[in-house]
Amino acid sequence: MKFKGKSFIAIVLSPEQPFDAWFKEVDRIISRSPGFFIDRPIILDVRGTNIPIEDLEQLLDGLNERSIRVMGIDGVSGTRLKKGMPPSFGGGRLASDVAVPEPGNVSDEDNKEVQSADASAAAPSETSVVNSKDGDVNGQSVNGHTSAKPDTETSDPAPMEEGASIVIPEPVRSGQSILHPDGDVTVIGSVSSGAEIIAGGSIHIYGALRGRALAGVAGKDNARIFCTKLDAELVSINGLYKVADDFDAALRNSPAQIRFENETLVFEELN
């Protein structure tokens with residue numbers, strides 16, 4: 001028998017009193033980027049708080065209600081944790097900060113501008129900011145500093161707006177995230193591993209889908225995901241998701257469509 005090590009970048013959440021206000025901030029992040037916490041390794045850091053176990057239970061319940069799955073708790077002895085709680089977790093090295101969507105000082109009309117963030121802090125990567133009104137895209141690095149409007153080969157793909165939908169006329173590279181909660185997203189090309197497409201409606205990929213595709217985030221269970229080659233890390237429709245290990249092996253690397261039916265995701269070959 002051989003034991004192998006593997007490194008992961010986890011998001012560390014440090015709850016602050018009052019917890020109601022802290023959860024409002026979490027809800028704000030989710031409202032700005034519905035897929036931000038999905039399938040991410042999460043560590044709950046309560047070091048130095050001497051938090052009562054009952055309050056910790058309430059925190060975990062609140063996170064579970066938001067589909068945030070905690071994989072470990074830092075700062076609480078394992079002997080204090082109740083059965084069913086995530087295990088005690090210690091050690092680790094701090095990584096660079098993870099960018100989160102910021103609303104800024106904007107009006108309700110300006111709130112149509114949606115910022116998306118790549119939650120992976122393993123290496124510098126770029127995300128895209130899609131303006132639902134005019135289709136403009138600006139580059140934003142993972143540390144939150146805004147760069148100039150992209151005009152080079154390393155820039156994010158610029159969408160072409162068509163009504164309530166947008167078209168990305170080129171492949172989406174690893175580390176990029178496209179968020180358009182107002183309608184469908186069509187990509188003319190492949191979506192690389194480590195890339196992410198989040199749409200309020202359906203997602204159409206004219207190429208290989210190797211990253212993450214989250215459709216119907218606006219609550220549309222009639223949204224669908226289409227791709228000419230299914231090799232995704234994660235797919236989701238209206239909050240219900242499956243990871244690669246759950247896919248039908250017969251559909252791997254084949255044209256496929258995914259739809260929501262009876263609280264489950266149905267995978268079908270695309271003829």
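Report on the accompanying structure. (Residues numbered from 1 in each chain as written. Predicted model: local features only at pLDDT ≥ 70, side-chain atom pairs only at ≥ 80, totals over all residues. Heavy atoms only, no water.)

### Thoughts on the pattern of salt bridges
In step 1: For the structure shown, the criterion picks out 9 salt bridges.
In step 2: For the salt bridge of Arg-47 with Asp-45, the shortest nitrogen-to-oxygen distance reads 2.9 Å.
In step 3: Given a relative accessible area of 55%, Arg-47 falls into the exposed group.
In step 4: We classify Asp-45 as buried; its relative accessible area is 11%.
In step 5: Taking the shortest distance from any N to any O, the salt bridge between Glu-57 and Lys-82 comes out at 3.2 Å. Of the two residues, Glu-57 sits in helix H2 (residues 53-65) while Lys-82 sits in the loop between strand S3 (70-74) and strand S4 (113-115), which places them 25 residues apart along the sequence.
In step 6: In this structure Glu-57 comes out as partly exposed when scored by relative accessible area, which is 29%.
In step 7: Looking at Lys-82, the relative accessible area reads 39%, which means it is partly exposed.
In step 8: Via salt bridges that share partners, Asp-45, Arg-47 and Asp-74 belong to a single interconnected network. (Salt bridge = Lys/Arg side-chain N within 4 Å of Asp/Glu carboxyl O. Buried < 20%, exposed > 50% of the residue type's maximum accessible area, 1.4 Å probe, protein only. Helix = DSSP H or I, 4+ residues; strand = E, 2+ residues; numbered from the N terminus.)

### Side note on the sheet that holds S3
Through backbone hydrogen bonds, the strands of a sheet pair up, either in parallel or in antiparallel fashion.
In step 1: Reading across from one edge, S1-S2-S3 is the order of the 3 strands in this open sheet, with parallel pairing throughout. Sheet topology places strand S1 (11-13) and S3 at the edges, where each strand pairs with a single neighbour. Direction aside, neighbouring strands of the sheet carry axes that sit 30° apart on average.
In step 2: By the bridge criterion, 3 bridges tie S1 to strand S2 (residues 42-45) in an arrangement that is parallel. When the sheet's bridge partners are listed, Ile-11 is paired in S2 with Ile-42. (Pairing = 2+ DSSP bridges. Axes fitted to C-alpha atoms, helices over the stretch in contact; angles between N-to-C directions.)

These results come straight from atomic positions and should not be treated as a statement about function.
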